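Overview (structure and organization)
These are the residues of each chain, in order.
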Amino acid sequence: MIKGPVYTGVPIGEDLGNTLNLDLVDCLTENIVKFGPEASSKVEIVVFEKEQLKTVTNWLDGKSLIRGDPHVKLKDGRVSVSHISFKHTNVSMRKREFRLGARAVDNCDIRTRIIEAVTEPFFVVDRRSMPKSKKPLKLDDQVWKLPTINKGGPSHHCLTKENIKTVRDFLTLYFLNRENLLTVRFFIFIPLN
């Protein structure tokens with residue numbers, strides 16, 4: 001099950017509990033199929049509109065909505081998918097509801113049929129509308145991207161005066177000379193746990 005919203009450009013498995021786990025299950029015994037050629041099948045991840053179980057393509061160029069290799073290989077009847085994301089483009093995407101599907105692409109024994117799997121619907125939202133607290137930070141990001149520091153706000157001005165411009169600068173001072181940082185940042189809340 002994928003918990004929404006999922007943001008464009010952010011890997012689906014990045015949020016805790018949001019990894020897409022695929023299990024090949026015997027429909028008669030409800031056990032995972034761990035042996036045989038089916039247990040190592042190649043599987044393709046596809047995107048569906050919420051109400052239509054017909055694959056959809058990108059809203060701009062007719063290509064897949066998924067970034068990352070949509071093909072995975074089962075091992076002992078299982079695989080976790082956390083490397084794919086919904087494409088992020090220069091054109092803002094409106095909030096849309098999708099499902100992900102998984103279908104086997106290998107030719108297995110003709111007596112065996114692997115039924116496609118489909119997730120429950122979830123929302124995909126343009127990452128530009130992601131709350132600041134959820135955006136993943138990089139060391140070279142501007143310091144104002146940290147939670148509780150607003151661009152152009154008093155904390156940002158105080159830090160800039162002390163030549164603390166990036167997240168790296170902030171963390172370096174935080175770990176090397178926390179007392180000095182405390183004198184600079186009288187508007188910043190730092191959780192100490």
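Further up the page is the structure itself.
Presented here is a report on the structure given in the accompanying data block. (Residues numbered from 1 in each chain as written. Predicted model: local features only at pLDDT ≥ 70, side-chain atom pairs only at ≥ 80, totals over all residues. Heavy atoms only, no water.)

Comments concerning unusual backbone geometry
Heads up, the rule is: Secondary structure is summarised from DSSP: a helix means a run of H or I of at least four residues, a strand means a run of E of at least two, and numbering begins at the N terminus for each. The buried label applies to any residue whose accessible area, calculated with a 1.4 Å probe on protein chains only, is under 20% of its type's maximum; exposed applies above 50%, and partly exposed to all values in between.
In this structure, Glu-30 takes a positive phi of about 60° despite not being glycine. Relative to the elements of secondary structure, Glu-30 occurs in the loop between strand S2 (20-23) and strand S3 (42-49). Looking at Glu-30, the relative accessible area reads 66%, which means it is exposed. Even without being glycine, Asn-163 reaches a positive phi, approximately 65°. Structurally, Asn-163 is set in the loop between helix H1 (154-161) and helix H2 (167-176).

As for a nonpolar patch on the surface
Cut-off, in case you're wondering: By definition, no residue in a patch forms a salt bridge, and every one has over 30% relative accessible area; like charges are joined within 9 Å, nonpolar side chains (Val, Leu, Ile, Met, Phe, Trp, Tyr) within 5 Å. Each accessible area is a Shrake-Rupley estimate made with a 1.4 Å probe; only the visible protein chains count as cover when residues are assessed. Within this document, salt bridges are pairs made up of a side-chain nitrogen of Lys or Arg and a carboxyl oxygen of Asp or Glu, the two lying within 4 Å of each other.
Residues Leu-139, Leu-171 and Phe-175 make up a contiguous nonpolar surface patch of about 300 Å² in total accessible area. Checked against the element boundaries, Leu-139 lands in the loop between strand S10 (122-125) and H1. Here Leu-139 falls in the partly exposed class, since its relative accessible area comes to 42%.

Considerations on H1
Basically, it comes down to this: Regarding the arc, it is the one traced by the directions from the helix axis to the C-beta atoms. The contact criterion used throughout is that any non-hydrogen atoms of two residues lie within 4.5 Å.
Turning to H1, its buried residues number three or more, namely Ser-155, His-156, Cys-158 and Leu-159. One side of H1 carries all its buried residues, which in axial view fall inside an arc of 165°. The inward-facing, buried residues of H1 abut H2 and helix H3 (178-184). Asn-163 lies just past H1 and shows a positive phi near 65°.

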